[in-house]
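# Analysis of the macromolecular model
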Amino acid sequence: MQLDLNLLAALDALLEEGSVAGAAERLHVTAPAMSRSLGRIRRTTGDQILVRTGRTMTPTPYAIAVREQVHELLQQVRGVLAPSRELDLTTLDRTFTLRWHDSLVALAGPGLLAAVREQAPGVRLRFIAESSVDTPGLRRGEVDLEANANLPTAPDIRADRVAETPHVVVVRRGHPLTRVKGVTAARYAAAEHVTVSRRGRLGNALDDALARLGLTRRVVATVPTEGAAFEFVRGSDLVVTAPESTVRPAAAALRLALLPLPLELPPAVVYLSWHQRYDTDPAHVWLRDLARTALAPRHDPRV
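So, here is what we can say about the structure in this document. Throughout this document, residue positions are counted from 1 along each chain, in the order its sequence is written. Per-residue local features are limited, in this predicted model, to residues with pLDDT of at least 70; the limit for side-chain atom pairs, both in listing and counting, is 80 or more; totals at the level of whole chains, interfaces and linings are taken over all residues. As a rule here, side-chain values cover all heavy atoms of the structure and leave hydrogens and water aside.

### Quick notes on a nonpolar patch on the surface
- Here, patches come from residues exposed beyond 30% relative accessible area and free of salt bridges, joined within 9 Å for like charges and within 5 Å for nonpolar side chains (Val, Leu, Ile, Met, Phe, Trp, Tyr). For accessible areas, the Shrake-Rupley method is used with a probe of radius 1.4 Å. Any residue's cover is judged against the shown protein chains and nothing else. A pairing counts as a salt bridge when a side-chain nitrogen of Lys or Arg comes within 4 Å of a carboxyl oxygen of Asp or Glu. Taken together, the side chains of Leu5, Val80 and Leu81 make up a nonpolar region of the molecular surface, amounting to roughly 310 Å² of accessible area.
- Under the scheme used here, helices are H or I runs from DSSP no shorter than 4 residues and strands are E runs no shorter than 2 residues, and both carry numbers assigned from the N terminus. Tracing the chain through its elements places leucine 5 in helix α1 (residues 5–17).

Right under this line is the structure:
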């Protein structure tokens, strides 16, 4: 049997995307070309791979059974066929996918992109939104770098603690809390709150800290991003608590006031995570170094 490695890449994309159109977009080929590849894969394997169920495509039991094996084989082939370990940034042509918390994209994304474009103009950065559920994007090779508050527990995922910052209380200018001599824990708890959670959680570590003081707060809404929370806050007497480093850039533009959090709460931590397969990949090592610099805390003379 003649082995066509292009079919391995096509099969991997079809199994991950679950559609001909999605696989074609991932591999930057036309849908008819991907359909022809699917036909060849079916003839080679003797299996339908994907079958139509209504408007969607469903993988066959065989396809489900070999999905992980196909992906690992493709990664091994790419490793064997990788070019020289010498990294020439001036000719590097590569797209990196980064799944970062939205506030970190706004805070550090522009600086990272500027550094990348200066050193390697052929490199593209693809920032994608975090999911509301945990996804194996790093393990599958769909994501190169993650940056958020989560410390991975899987043994094949590497992580560096790259930044930390205290939490602050964010309110509109002229909010009642800005007119008192000092914001106490009781006054803070008595306000109405908005929380930020991509999973829609109404409670977090703040509630545990308040409970230790015999206090509770009223959360009236939860939103998936800090940017959305700030819009709720700036036109009302609602408050949101967020990491100081990500709030400061938006505070002046949105006319928000920052107040000290009157509670003992651990700082917000940022972890940069990647799969171990990229530990020694020169281009990935280079990008990780730039990302660490972009995410590192900056001294702000206004603090």
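### Some thoughts on the sheet that holds strand β6 (residues 157–165)
- In this analysis, strands are considered paired if DSSP registers two or more bridges between them. A sheet is described by the order of its strands in space; here five strands give the open sequence β4-β3-β5-β12-β6, paired in mixed fashion. With one partner strand each, in any of the chains shown, β4 (123–128) and β6 form the two edges of the open sheet. Averaged over all adjacent pairs, the angle separating strand axes in this sheet is 20°, with direction ignored.
- In terms of strand pairing, strand β3 (residues 94–100) meets β4 through six bridges, oriented parallel. Considered in β4, the bridge of threonine 95 is made with arginine 124.
- Should any heavy atoms of two residues lie within 4.5 Å, those residues are considered in contact. Helix axes are fitted only over the stretch in contact, all axes being lines through C-alpha atoms; the angle between N-to-C directions runs from 0 to 180 degrees. Those strands touched by helix α11 (residues 282–295) are β3, β4, β5 (145–148), β6 and β12 (268–275), and its axis lies near 175° from that of β12.

### Structural notes on the layout of surface pockets
- In this structure, the largest pocket encloses a volume near 1,600 Å³.
- The pocket and cavity definitions rest on a 1 Å grid over protein atoms only: a 1.4 Å probe that fits but cannot leave marks a cavity, an open set with protein on both sides within 12 Å along at least five of seven lines marks a pocket, and residues lining either have an atom within 4 Å of a point. Taken together, 44 residues line the largest pocket, and the ones lying closest to its centre are Arg78, Arg94, Thr95, Gly141 and Tyr278.
- Of all the elements in the fold, those that place two or more residues in the lining of the largest pocket are α1, α2 (20–27), α4 (61–80), β3, β4 and α11.
- It is α4 that contributes the most residues to the lining of the largest pocket, seven residues altogether.
- When residues are sorted by character, Ala, Val, Leu, Ile, Met, Phe, Trp, Tyr, Cys and Pro go into the nonpolar class, Asp, Glu, Lys and Arg into the charged class, and all the rest, Gly among them, into the polar class. In terms of residue class, the lining of the largest pocket is made up of 13 nonpolar, 12 polar and 19 charged.
- Here the second largest pocket is characterised by a volume of approximately 1,000 Å³.
- Elements represented by at least two residues in the lining of the second largest pocket include exactly α5 (102–119), β8 (192–196), α8 (205–212), β10 (240–243), α10 (244–254) and β12.
- Among the elements that line the lining of the second largest pocket, the one with the most residues is β12, at four residues.
- Each residue belonging to the lining of the second largest pocket can be placed in one class, and the counts come to 16 nonpolar, 13 polar and six charged. Grid points are joined across faces, edges and corners, and a volume is the space filled by probe spheres set on the points.

It is worth stressing that arrangement in space is one thing and function is another; only the former is reported here.
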